[in-house]
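Summary of structural features
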Amino acid sequence: MNKIEPSFRPGGKLAKLESVFDGMKTFLFTPNTTSRSGVHIHDGNDLKRTMITVVAALVPALLFGMYNIGYQHYLAIGQSTTGWFTMFLYGLLALLPVIVVSYAVGLGIEFICAQIHHKEIQEGFLVTGILIPLIVPINTPLWMTAVATAFAVIFAKEIFGGTGMNIFNVALITRAFLFFSYPSRMSGDEAFVKIDSALGMGGGTVTDAFTGATPLGQVATTVGDQLQMTNVLGEPISCMDAFIGLIPGSPGETSMIAILIGAAILLLTGIASWRIMCSVFVGGLGMAALVHALPSTVYPASLLDPVTQLCLGGFAFGAVFMATDPVTGARTKVGQYIYGLLIGIFAILIRVYNSGYPEGMMLAILLMNAFAPLIDHCVVSFNIKRRARRAAIKQ
Amino acid sequence: MAIVRLNKGFDINLVGAIQGDEIAFTSPARSVAVVPDDFHGVIPRMEKKEGEHVTAGEPLYHDKNDEAIKVVSPVSGTVKEVRRGERRHIDAIIIAPADDRQVVKHNLGGNALETLVASGLWVMMRQRPYDVVPSTSVRPRDVFVTAFDSAPLAPDLDVVLGDKRQYISKGIEVLGGLTDGKVYIGVRKGQSIDAPGAVVTTFDGPHPAGNAGVQAANIAPVNKGDVVWTLDIVTLARIGELFTTGTVSHDTVVAIDGEMVQEPRYVKTVMGADLETVLKNELTNVAASRIISGNVLTGVKVEKEGWLRAPYRHVTIIPENSKPDEFMGWASINPNRFSIYRTFTTWLRGLKKPVSLDSRIKGGERAIVRTGEYDAMLPMDIYSEFLIKAIISGDIDKMEQLGIYEVAPEDFALAEFADTSKLELQRIVREGLDKLRAEMS
């Protein structure tokens, strides 16, 4: 590595790839840089470690998502007795291209931007790149994912200054872009269950009973007061199925169990704010209880009991992995409670009372991303006022 | 006696701590240096030229803006060199000690403030706001004295005090006469002190509990318009000695410790002594060592030909880079790779066990991503992250509102250690304070 280094430095043959080289070098070797001013010792933790830990926390949801893609596929084509490994393999092959596209597009743009600014490559996209495949419906064409990722990385992140400077969660902007640009591909029967073959594996035709809508989608279109969610074969499903996660939905969001394992990792390592995470669930549960106490057939989602409400859709995934993004969330302790509560409340509010968007989590988080600085501003101004008052008393 | 419990902060338990409190030997000094950078806020105007003779306690230079403020020579001898750097900035004033041991004797009949300013002990104190040498024209609201140093491997100030302990009460009397408020002394839990006339407060908690500014923030915070003085108990005792005997003693006890020291121990020497003489038999491997005059958080990196720097009580020697080209260190699951965060596995072996740390930064500088890291290391009622952002963006109003008057760079040293984004917080705070001071004058 040291031997080839000079050619990447200014003046060298490959100077245009300096940022990429630095990125690779700091990835492989801990930098030998020692402190010149300030403290002489530093903690071992850096942003690489932080981001990788988040990725590790996403792995359970990722693996389960792969299995579930396969499970839904073989269920839909009437081969539900297929072995679990085949199902997983099918899901792996289905999801892998999305992961590759997401990372290739996102990291490519990051590398270019880093080189333009002659900065080190920053680690933010490590997490975003794995979040995107997990929240984008599996049947989204790859080119759409690529366009949306490029849009989000450039307009939601790089124009603000890169990692740590963005106002909105980049992965959610990707999904929002897809959602509003190609609404027909983002919901309904065809979005969430992959039917055709994945990289040549396991194609088939659906059984007659097939219905590919997510439970939340079904709820939104319910008429009357008899709420019955079904799986892809039209068989009824319960809250427990949603908790385990063998239901149609975006790859990462279906399984509460996998998400809770991720939440445990994030909380144990202290990366995610437990204040935000808990208050999102509290806010969501409270709001869901409230709407359930006032059921109405005009708003069929109000018929769902609060716990099922939280187990369905992207609520839990958003609460654990998206709302807790420290860059776009509230940064003061008090602010984090308010921020989390409002996300929970708005997510259910949108879900229930705006039947155009059966999934409210994405919009709720993006909305609160916009308000997080305001919340912090209010909290900090209390501190400022207290300090000013203290000075005034003295005089 | 009031007890204040501080929960924020962290004690980094480095290997190489001194066992016991005996002073191993007395080291002479072949040369002695005064470094003007140690006395922030004093712009030097030389009073002595190269080749001139100085007596111990005689001024070497005064402040450009206030001629009364003197910085004195700690020894009697000849000014060997005034070493200058870029733009004629004075890097160091080097004195070759003579054997005559003459000391300036002050007349104690006059104005206490004038005597203190002329003695050279004045520049050992700091004022808040701005963390600079105090202005002589402002009577402080209060005086805050810290009786312990809580930094990693720091010396026990009771050892550094030695028999100067007897002058503490005189020192309190003198400073008490220079303030309209009180003299506060902060002690650590279990430390006893005889301090008539002062308000003694016990601080129970990890570093930075020993910082006078942190103690002030938890007793009576500095508001806009307030001025307080901060100093340590050793300086207080020296002031008491000056007003008892008429002379300032420039001898000091220095803790020499850290991983790269043969045997960590206390050594008696003189302020500003050359480290080549003091450390002659102490080092294990000079080439692989980093010599820090001071502690690992706020000290200054010096060469082995360097000098002891203010506050003249601590030299730490740590490895420069104990693991060159560490392969994928960020992915390590080795519990010996130290981190106070649970993203690494250090917590499995216990964060309080002695740890070896070198001077690598172990990561690249990034924007602030994680929340609450700074607040967890700073036991003050301050939104430190917002303050740092206000300083970086140069927003003077916001800096004032968020309490920059209450802080000094040293208060942010631990946060700088713990920062995942590896920002130079002490430098940022210093620049903010300097900017504000320039704006206000």
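Scoring rules and cut-offs
Residues numbered from 1 in each chain as written. Chains lettered and ligands numbered in written order. Predicted model: local features only at pLDDT ≥ 70, side-chain atom pairs only at ≥ 80, totals over all residues. Helix = DSSP H or I, 4+ residues; strand = E, 2+ residues; numbered from the N terminus. Rg over C-alpha atoms; globule rule 2.2 N^0.38 Å. Buried ≥ 20, exposed ≤ 12 C-beta atoms within 10 Å, placed from the backbone. Contact = placed C-beta atoms within 7 Å. Pairing = 2+ DSSP bridges. Axes fitted to C-alpha atoms, helices over the stretch in contact; angles between N-to-C directions. Expected span 1.5 Å × (residues − 1). Nonpolar A, V, L, I, M, F, W, Y, C, P; charged D, E, K, R; others polar. Domains from an automatic or database assignment. Core = buried A, V, L, I, M, F, W, Y, C linked by C-beta atoms within 7 Å. Parallel < 35°, antiparallel > 145°, perpendicular 65-115°, else oblique. Left-handed = near helix turned anticlockwise from the far one by under 90°. pLDDT = per-residue confidence, 0-100. Arc of directions from axis to C-beta.

What about the overall build of chain A?
Secondary structure summary: chain A contains 15 helices and zero strands in total. Taking 395 residues into account, the globule formula puts the C-alpha radius of gyration at 21 Å, and chain A, at 23 Å, falls close to it. On the principal axes, the C-alpha backbone points of chain A span a range of 70 × 65 × 35 Å. With 395 residues in all, chain A has 53% of them scored as buried. Long-range pairs, those at least 24 residues apart, make up 71% of the contacts in chain A with a sequence separation of at least 6.

Some details on the overall build of chain B
Assigned secondary structure in chain B consists of 11 helices and 19 strands. The C-alpha atoms of chain B give 21 Å as radius of gyration, which agrees with the globular expectation for 441 residues (22 Å, within 12%). The principal-axis extents of the C-alpha atoms in chain B amount to approximately 65 × 50 × 45 Å. Looking at chain B as a whole, 54% of its 441 residues qualify as buried. Of all intrachain contacts in chain B linking residues separated by at least 6 positions in sequence, the fraction that spans at least 24 positions is 69%.

What about the sheet that holds strand β7 (residues 70-72) of chain B?
All names here are of chain B. Spatially, three strands are ordered β4-β6-β7 in an open sheet, and the strand pairing comes out antiparallel. Across the chains shown, the open sheet's two edge strands, defined by having one partner strand only, are β4 (44-46) and β7. Across this sheet, the average inter-strand angle for adjacent strands is 35°, counted without regard to direction.

Quick word on helix α14 (residues 333-353) of chain A
An α-helix turns once per 3.6 residues; consequently, residues spaced three or four apart project the same way. Given a rise of 1.5 Å per residue, 21 residues ought to cover 30 Å, and the 30 Å separating the end C-alpha atoms of α14(A) matches this to within 8%. Among the 21 residues of α14(A), 17 are classified as buried, and the element is accordingly described as predominantly covered.

Details of the interface of chain B and chain A
The partner chain A presents 46 residues to the 58 residues of chain B that form the contact. If you tally residues by element for the side of chain B that touches chain A, the top one is helix α10 (residues 413-418) of chain B, at four residues. Of the residues that constitute the side of chain B that touches chain A, the class distribution is 25 nonpolar, 16 polar and 17 charged.

Notes on the sheet that holds strand β5 (residues 53-54) of chain B
Sheet strands pair via backbone hydrogen bonds, and the direction of the pair is either parallel or antiparallel. Residues and elements named next belong to chain B. Pairing within the open sheet is antiparallel, and its four strands lie in the order β3-β9-β8-β5. Two strands in the sheet have a free side with no partner beyond their single neighbour: β3 (32-34) and β5. Pairing of β5 with strand β8 (residues 77-84), which is carried by two bridges, proceeds in the antiparallel orientation. Across the sheet, residue V54 finds its bridge partner in β8, namely G77.

A look at the pairing of strand β16 (residues 265-270) of chain B
Residues and elements named next belong to chain B. Taken together, the three bridges between strand β2 (residues 23-26) and β16 define a ladder with parallel strand orientation. Within β16, the position partnered with T26 by the bridge is K268. Two elements, strand β15 (residues 251-257) and β16, share six bridges in a ladder whose sense is antiparallel. Bridging across to β16, A255 finds its partner in Y266.

Digging into the domain arrangement of chain B
All names here are of chain B. The domain architecture assigned to chain B consists of domain 1 (2-11 + 28-245), domain 2 (254-325) and domain 3 (361-440). Summarising the inter-unit geometry, the C-alpha centres of domain 1 and domain 2 are found 22 Å apart. Residue-level contacts link 21 residues of domain 1 with 22 residues of domain 2. At the level of elements, β3 and α2 (157-161) are the ones that each hand at least two residues to the side of domain 1 that touches domain 2. Element by element, the count of residues in the side of domain 1 that touches domain 2 is highest for β3, at three residues.

So, the nonpolar core
One finds I343(A), I365(A), V145(B) and L387(B) to be the most contacted residues of the largest nonpolar core, which totals 242 residues. When residues in this core are grouped by element, the largest group, 14 residues, is from helix α2 (residues 47-76) of chain A. Not counting residues within four places of it along the chain, the set of residues in contact with I343(A) comprises V280(A), G283(A), A323(A), A364(A), I365(A) and M368(A).

Let's talk about the packing of α2(A) against helix α3 (residues 84-116) of chain A
Residues and elements named next belong to chain A. Two elements in contact, α2 and α3, have axes whose closest approach is 6 Å; the angle formed by their N-to-C orientations is 110°. With respect to each other, α2 and α3 are oriented roughly perpendicular. Two secondary-structure elements touch here, α2 through G65, M66, Y67, N68, I69, G70, Y71, H73 and Y74 and α3 through W84, T86, M87, F88, L89, Y90, G91, L92, A94 and L95.

Some points on the packing of α2(A) against helix α4 (residues 124-135) of chain A
All names here are of chain A. Running from N to C, α2 and α4 cross one another at 15°; their axes reach a closest spacing of 9 Å. Of the possible angle classes, the one that applies to α2 and α4 is roughly parallel. Between α2 and α4 lies a crossing whose hand is left-handed. Across the interface between the two elements, M51, I52, V54, V55, L58, A61, L62 and G65 from α2 touch L126, V127, I130 and L134 from α4.

Focus on the environment of L92(A)
On the secondary structure map, L92(A) appears in helix α3. Sequence separation between L92(A) and Y337(A) is 245 residues, and the spatial gap between their C-alpha atoms is 37 Å.

Description of the confidence of the model for chain A
Residues of chain A with pLDDT of at least 70 account for 92%, and the chain-wide mean is 85. No element of chain A has a lower mean pLDDT than helix α1 (residues 18-28) of chain A, at 74, and none a higher one than helix α10 (residues 256-268) of chain A, at 94.

Quick word on the environment of M361(A)
All names here are of chain A. Among the structural elements, M361 can be located in helix α15 (residues 361-394). It is 21 Å that separates the C-alpha atoms of M361 and L294, two residues lying 67 residues apart in sequence. Apart from residues no more than four positions distant in its own chain, M361 is found in contact with G313, G314, F315, G318 and A347.

So, unusual backbone geometry
All names here are of chain B. The omega torsion across R128 and P129 is 5°, close enough to zero to call that bond cis. With respect to the element layout, P129 can be found in the loop between β10 (126-128) and β11 (142-146). A cis amide bond links A310 with the next residue in sequence, P311, at an omega value of 5°. As for its placement among the helices and strands, P311 is situated in the loop between β18 (300-302) and β19 (314-319). Residues other than glycine seldom take positive phi values, yet Y130 does so here, at roughly 85°. Mapped onto the fold, Y130 is located in the loop between β10 and β11. What makes Y130 buried here is the crowd of 24 C-beta atoms within 10 Å. Notably, K362 is not glycine yet its phi reads approximately 60°, a positive angle. Among the structural elements, K362 can be located in the loop between α7 (346-349) and α8 (384-392).

A closer look at helix α3 (residues 168-176) of chain B
For α3(B), the set of buried residues is I168(B), G171(B), I172(B), V174(B) and L175(B). Considered in projection along α3(B), the buried side chains sweep an arc of 165° and stay on one side of the axis.

Brief notes about the pairing of strand β17 (residues 289-293) of chain B
All names here are of chain B. Across the five residues of β17, five count as buried, placing the element largely inside the fold. Examined bridge by bridge, β17 and β19 share five bridges and lie antiparallel to one another. Counterpart to S293 in the pairing with β19 is V315. Of the pairings in the sheet, the one linking β17 to β18 comprises three bridges and is antiparallel in character. What sits directly across from S293, in β18, is V300. Between the antiparallel neighbours β17 and β18 lie six residues, among them G294 with a positive phi of about 120°.

Topic: the environment of K70(B)
All names here are of chain B. By the element assignment, K70 lies in strand β7. Note on K70: 22 C-beta atoms within 10 Å, which makes it buried. When the C-alpha atoms of K70 and V35 are compared, they prove to be 13 Å apart, with 35 residues separating the residues in sequence.

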